[in-house]
Structure formats: C-alpha cells, structure tokens
Amino acid sequence: SRDLKKVSRDAAELRGRLEFHHRRSEEREIENARRSVIDAAIGKAVDRLCALPDGEYLELIGRLLEGCTFKGDVEVLVSQADERRITASFLESRSRQGCRFVLSKERHSGSGGVLLRSGRVSLNATFSTAAALAHEELAMDLAGLLAGKR
C-alpha cells in the first residue's frame, strides 16, 4: 500500500512535468510562428520600400540625405539594384553648403537605402539595416497586434 502510494505520487509528479513541458513546447511553437510572421512582415515592408516608384523612392532617399550631418565630401554607396535610380546628378542636386554627396564606385550589399561614408566614419542607412535595428520594437508591436487577434 505504501509502495502503491509512492508509485501513484511519482506518476502524478511525472504527469505534471510532462504536461508542463508539453505546454512549454506549444508556447515555443506559437512564439516561433509569431516570429516567422513578424520576420515576413518586416521583409515585405523592406521589399515594398525598394519597389517604390522612382519618384517616391528618390524622395525617401532625399530625406535620408537631408538627415546626414557629415561635412565635406560624403561618399554615397548604393545597392546594385539602385545604380540606375540614384545617380551622381541626383546626389549633386541634394548636396548643400558644407556637404557634397559623391556617388561611390563601390556598392553596398543591403536592400535599398544608402551607405554614407566620410573619411573613416560611415553611416548605414540601408533599409535592411534600419529594419534589423527596429526589429525588436516592431516585433513587440506586431506581437501585441497578433496576440490581440486571438
């Protein structure tokens, strides 16, 4: 009888542990699915920015350049996909007193946006980097929205 009670207690404890691990496993699967949805949404947002019509895209790039605080000649690296859109003449038109944007012969490997370089200092203003930097904040916002839809 004492052995039977011990076996029963052990079985109940084991069942509790198994249920706990099963719940944790399900929670991890849900979290991974949420993360996949969020990653896909962020990826699509970057793709949509890159696919903007030339006028809107150049307006966005112009705003990025306006935020540049470098002085002197600023080398601008564009992606291979943007070679025909972001031209030397466009950059020259965005130059201002004390800051001259010069198209680099080098290309960046990010998605959209630009990489700005002045001497040994660079500023990565590519869309892929901006998305990666904002990922945690976006992930929390989107996770909250997804959780609210349950």
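Refer to the preceding data block for the structure.
Residues numbered from 1 in each chain as written. Predicted model: local features only at pLDDT ≥ 70, side-chain atom pairs only at ≥ 80, totals over all residues. Heavy atoms only, no water.

Peer 1: Please set out the pattern of salt bridges residue by residue, giving values where relevant.
Peer 2: Tallied over the full model, the rule gives 13 salt bridges. Notably, a salt bridge pairs Arg 17 with Glu 13, separated by 2.7 Å at the nearest N-O pair. Of this pair, Arg 17 and Glu 13 both sit in helix 1 (residues 2-50), four residues apart, roughly one helical turn. In this structure, Glu 59 and Arg 63 form a salt bridge, with 3.1 Å as the shortest nitrogen-oxygen distance. In this pair, Glu 59 and Arg 63 both sit in helix 2 (residues 54-66), four residues apart, roughly one turn of the helix. Given a relative accessible area of 45%, Glu 59 falls into the partly exposed group. Three or more residues joined by partner-sharing salt bridges are found here, namely Asp 54, Asp 82 and Arg 85. (Salt bridge = Lys/Arg side-chain N within 4 Å of Asp/Glu carboxyl O. Helix = DSSP H or I, 4+ residues; strand = E, 2+ residues; numbered from the N terminus. Buried < 20%, exposed > 50% of the residue type's maximum accessible area, 1.4 Å probe, protein only.)

Peer 1: Which residues make up the environment of Gly 72, and what are the values?
Peer 2: Its place among the elements puts Gly 72 in strand 1 (residues 72-79). Taking C-alpha positions, Gly 72 is 5.5 Å from Gly 98, a pair spaced 26 residues apart along the chain. Aside from chain neighbours lying at most four places away, what touches Gly 72 is Gly 98, Cys 99 and Arg 100. (Contact = heavy atoms within 4.5 Å.)

Peer 1: Any details on the packing of aromatic side chains? Residues and values, ideally.
Peer 2: On inspection of all chains with the given rule, the structure shows one aromatic pair. Centre to centre, the rings of Tyr 57 and Phe 127 are 5.8 Å apart; their planes meet at 80°, and the pair counts as edge-to-face. Taken together, the residues span a long stretch of sequence, with Tyr 57 in helix 2 and Phe 127 in helix 4 (residues 127-148) at a distance of 70 residues. Both residues of the pair, Tyr 57 and Phe 127, count as buried. When the ring centre of Tyr 57 is taken as origin, the NZ or CZ atom of Arg 85, which lies over that ring, is 3.7 Å away. (Phe/Tyr/Trp six-rings, centres within 6.5 Å; stacked < 30°, edge-to-face > 60°. Lys NZ or Arg CZ within 6 Å of the ring centre and 35° of its normal.)

Peer 1: Describe helix 1, naming the residues involved and giving the relevant values.
Peer 2: Compared with the 72 Å implied by 1.5 Å per residue over 49 residues, the 72 Å span of helix 1 between its first and last C-alpha is a close match. Where helix 1 is concerned, the buried positions are Arg 34, Ile 38, Ile 42 and Val 46. Residues of helix 1 that are buried in the fold lie against helix 4. (Expected span 1.5 Å × (residues − 1).)

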